[in-house]
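Structure at a glance
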Amino acid sequence: NLNETMGLISQQMARLFNADGAYITLWDDQQQLSIPAAAYGVNQEGYKDIPAKPNERTLTLSVLELGQTLVVDDLQSTPYIEPQLARTYPFQTLIGLPLISDNQKLGAVILGFTLARSFSAEELERGEQAARQVALAIAKSRLYAEVQRLAITDALTNLLNRRGIFELAQKEVKIAQHLKLPLSLLWLDLDHFKFINDQYGHHIGDEVVKEIAARIRSVLRDRDLVGRYGGEGGDEFIIVLPETDHERALQVAERLRVTVSQTPVASSVGAIAVTASVGFTSLLDETEALEALLHRADEQMYAAKSAGRNRVCSHQISGG
């Protein structure tokens, strides 16, 4: 976990130099932005809440531009940090250590000292060795996180893939059952999608799926889960709605159906009309398995198709 890793690193760097504060910033090269990531010591709690500004002259930017360690003897009179930013730190001396791995600028470790300090060449070399290890750790953590993300992400739509939606849905079901919260699950299938693939080719089918995926995501909350399940043409989607009861799920299902169908998809071969059949159900009790919800939602999706397509069908819960 990158956040936990950086928290531990900042603590160890402060102890290594007997610093009053140690901070790790990450560098967003595209936005030219120094992002506060972890802290230990002075202002440990508030550091990550400091607003970052693009192109702001920070010590992180300065050390990454130079590609080497910077020692700031007097924080209030240095060209390496903007004056208004320098005034927010209660330090006299700073050390900035660049975090660079395989020529990739990752960020910086910043060490703060409330009193003036000088450093021997051996101390600075020890800090630079540590910074190289820190950069390697951050690079590995990022790579691992990206591999994990790709393992559960559908490449075409950037939604969850089959594995991802199943794994995360399992967790949401357990949370809902433990906290006695409502949860609903929707199964959406594009109508006559095989005809689109047969008529226009699979590359056009992919264009349609990608657009519909974006429309589905636009309707949902950030915390809702949506995954591309597959099906014969990869045109089925599973949606998990945490803290959503049956009545609210019906509203979401209908809004999804309308959002999919109300505007033809603009493709490379022109506008293609698309509709969807949606089946949904809600969690019944504290022992129900995810598989039961999936089975009921799938049944209701097929019921919607049998009833004429482009409609929503739901499993009727007792009393509902």
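Higher on the page you've got the structure.
Residues numbered from 1 in each chain as written. Predicted model: local features only at pLDDT ≥ 70, side-chain atom pairs only at ≥ 80, totals over all residues. Heavy atoms only, no water.

Spatially, the 5 strands line up as an open sheet ordered β2-β1-β5-β4-β3, and their pairing is antiparallel. Two strands lie at the open edges of the sheet, namely β2 (33-41) and β3 (70-72), each paired on one side alone. Strand-to-strand, the axes of this sheet are offset by a mean angle of 20°, without reference to chain direction. Examined bridge by bridge, β3 and strand β4 (residues 93-101) share 3 bridges and lie antiparallel to one another. Within the sheet, the bridge partner assigned to Val 72 lies in β4 and is Leu 94. (Pairing = 2+ DSSP bridges. Helix = DSSP H or I, 4+ residues; strand = E, 2+ residues; numbered from the N terminus. Axes fitted to C-alpha atoms, helices over the stretch in contact; angles between N-to-C directions.)

A separate point is helix α1 (residues 2-17). For α1, spanning 16 residues, the distance from its first C-alpha to its last is 23 Å, which sits close to the expected 22 Å at 1.5 Å a residue. If you follow the buried residues of α1, they end up packed against β1 (21-28), β2, β4, β5 (104-113) and α4 (121-151). The positive-phi residue at the C-terminal boundary of α1 is Asn 18, with phi of around 55°. (Expected span 1.5 Å × (residues − 1). Contact = heavy atoms within 4.5 Å.)

Most of helix α2 (residues 59-66) is tucked away, with 6 of its 8 residues classed as buried. Within α2 the residues assigned to the buried category are Leu 59, Thr 60, Leu 61, Ser 62, Val 63 and Leu 64. Those residues of α2 that are buried lie in contact with β1, β2, β3, β4 and β5. Taken from the residues just after α2, Gly 67 is the one with a positive phi, measuring 70°. (Buried < 20%, exposed > 50% of the residue type's maximum accessible area, 1.4 Å probe, protein only.)

With that settled, consider the packing of aromatic side chains. Following the criterion strictly, the structure yields 6 aromatic pairs and no others. Relative to Phe 91, the ring of Tyr 23 lies with its centre 6.1 Å away and its plane at 55°, an arrangement referred to as tilted. Of this pair, Tyr 23 sits in strand β1 while Phe 91 sits in the loop between α3 (83-86) and β4, placing them 68 residues apart in sequence. Grouping residues by exposure puts Tyr 23 and Phe 91 together as buried. (Phe/Tyr/Trp six-rings, centres within 6.5 Å; stacked < 30°, edge-to-face > 60°.)

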